[in-house]
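Given next are the chains, with one letter for each unit.
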Amino acid sequence: MTDTAHRLAAIRGDRPARRHNARTIAALTGNPGCTRRAVLDSAGVDKPELAERIGFPTRFGQSRFAITRGNAFEAQVKADGGAELLRLVAERLGVPVPAAASWTDLGADEDRPERSRAALTADGDEAALFDHPLLGLDVAGRRVHLEPDLVAARLGGRFHVVEIKSFPVIDGQADPAKVAAAAIQSAVYVLALRELFTAAGRDPELVSPQVVLVCPRDFTNQPTASLLDVRRQLLVLRRQLDRMARIDDLLAGVPADFTADPEAEPATLRAALSTVPARYAPDCLATCELAYFCRHEARGQTAVLGRPVREALGGIAEVDEVLALAAGDRTPDPEQAEAAALLRAAARLRADALAGHPA
Ligand code: SF4
């Protein structure tokens, strides 16, 4: 084991590193500037267990009902060797619907990694659909195997990731948060497919950044397809994975005795965590298991209110400072002068409004 590997093992309490999956890799991009998260994820710390231990448990995941409904929709879309899926994907990509396409299920094979590699990177440009391929990515020096339910579609000689999701598209609109989550998760698969192509000596650009998202339409079970361009998500993901690959740089700013061992005393763990810089934002609630701890720690700071509010407040870090500037109880620094004038005007307008409309 290298010194770095020893140190990461010590951080997680000499337990096996927690395995990543596509969801957790996608979540890495949720707050790429947060050192605390990058260190914990690089060390493979069991963050749900850690959050529970320090008294700030959080819950992620779908309900059993949503999982069952999602599985039923996926089976319906993939039925008949993917005939309906092929039509949807081809029409959405604007290419002629092929008369036929091969369907290869790579999920139930003993030699799955090798078979996935051989099937996906073989020469040929006839239409083909590949279900349940086994993909891989390096995360902080460890190989992570991804077992997506997705289909990789080869049409017109290019591969497209096809994600089947059970959230509805109503009047052409889907929940933006769910679409954003699907886009970043699809980007994980695009990146893994591209790395597979590169390793096989093939052009990674054969894997398109245009992902096809298939969802139920309106309040029916009829599938509809839309295109997601995940180029921006690929950049963010690549940057964060590169940052985690340079784990020594991250560890340089972390105290030598830092521990996140869930066996340690909660007070010790809370004190240790507060020595590693975090960048709490409301988005953390959807993407990181430590969100409730970090939100509690950041109370009183404008970051808790979200980046737009913080920016609207002129980047002033503390809520108390904002209130003091608004009330005129504090002399602003020169760089705060503009924000302070706006805050005082807002406070006056609020006072006038309240005076004009007594409760
Ligand atoms: S919840 Fe905390 S550790 Fe996780 S990303 Fe947000 S600030 Fe970082």
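Keep in mind the model is a prediction, meaning the values are calculated, not measured.

Assigned domains within the protein: domain 1 (64-239) and domain 2 (304-356). Inter-centroid distance (C-alpha atoms) of domain 1 to domain 2 is 47 Å.

We now examine the sheet that holds strand 8 (residues 223-229). Spatial ordering of the open sheet is given by 1-2-5-6-7-8, a layout of six strands whose pairing is mixed. Strand pairing shows two members of the sheet lacking a second neighbour, strand 1 (102-105) and strand 8, which therefore form its edges. Direction aside, the axes of adjacent strands within the sheet are offset by 25 degrees on average. In this structure, strand 5 (residues 151-155) lies alongside strand 6 (residues 158-164), joined through five bridges in antiparallel fashion. For V151, the partnering residue across the bridge sits in strand 6 and is V162. Docked against the sheet, helix 5 (residues 64-93) engages strand 1, strand 2 (128-131), strand 5, strand 6, strand 7 (210-216) and strand 8, running at close to 55 degrees with respect to strand 8.

Turning our eyes to something else, we now look at the site of the ligand. As a matter of local geometry, the ligand sits amid N31, C34, R36, R37, A278, R279, Y280, C284, C288, L290, A291 and C294. Elements supplying a minimum of two residues to the shell around the ligand: helix 3 (35-43) and helix 12 (291-297). Taken together, the residues of the shell around the ligand break down into eight nonpolar, one polar and three charged.

It is the contact of helix 14 (residues 319-327) with helix 15 (residues 337-356), at a shortest axis distance of 7 Å, that shows an interaxial angle of 70 degrees. As judged from the angle between their axes, helix 14 and helix 15 are roughly perpendicular. Contacts between helix 14 and helix 15 pair V322, L325 and A326 from the former with A340, L343, R344 and A347 from the latter.

What follows concerns the packing of aromatic side chains. For any pair of aromatic rings, the description consists of the separation of the ring centres together with the inter-plane angle of the planes. For the structure shown, the criterion picks out three aromatic pairs. Pairing F56 with F293 gives two aromatic rings, centres 5.6 Å apart and planes at 70 degrees, and the pair type is edge-to-face. In this pair, F56 is assigned in the loop between helix 4 (47-53) and helix 5 and F293 in helix 12, connecting sequence segments 237 residues apart.

The subject of this paragraph is the pairing of strand 5. Of all five residues that make up strand 5, five are buried, and the element is covered over most of its length. Side chains V151, A153 and L155 of strand 5 all project onto a buried face; the interleaved residues A152 and R154 project onto the opposite face, where all are buried too. As paired elements, strand 2 and strand 5 share four bridges and run antiparallel to each other. By the bridge assignment, L129 is partnered in strand 5 with A153. The hairpin formed by strand 5 and strand 6 contains two residues between the paired strands, and G156 there has a positive phi angle of roughly 60 degrees.

In this section: unusual backbone geometry. If a residue is not glycine, its phi is most likely negative; likewise, a peptide bond is most likely trans. At D80, a residue that is not glycine, the phi angle is positive and equals roughly 55 degrees. Tracing the backbone through its elements, the reader meets D80 in helix 5. Given a relative accessible area of 70%, D80 falls into the exposed group. For D171, which is not glycine, the phi dihedral falls at a positive 50 degrees. Among the secondary structure elements, D171 is positioned in the loop between strand 6 and helix 7 (176-199).

Cut-offs applied
- Residues numbered from 1 in each chain as written.
- Predicted model: local features only at pLDDT ≥ 70, side-chain atom pairs only at ≥ 80, totals over all residues.
- Heavy atoms only, no water.
- Domains from an automatic or database assignment.
- Pairing = 2+ DSSP bridges.
- Helix = DSSP H or I, 4+ residues; strand = E, 2+ residues; numbered from the N terminus.
- Axes fitted to C-alpha atoms, helices over the stretch in contact; angles between N-to-C directions.
- Contact = heavy atoms within 4.5 Å.
- Near = heavy atom within 4 Å.
- Nonpolar A, V, L, I, M, F, W, Y, C, P; charged D, E, K, R; others polar.
- Parallel < 35°, antiparallel > 145°, perpendicular 65-115°, else oblique.
- Phe/Tyr/Trp six-rings, centres within 6.5 Å; stacked < 30°, edge-to-face > 60°.
- Buried < 20%, exposed > 50% of the residue type's maximum accessible area, 1.4 Å probe, protein only.

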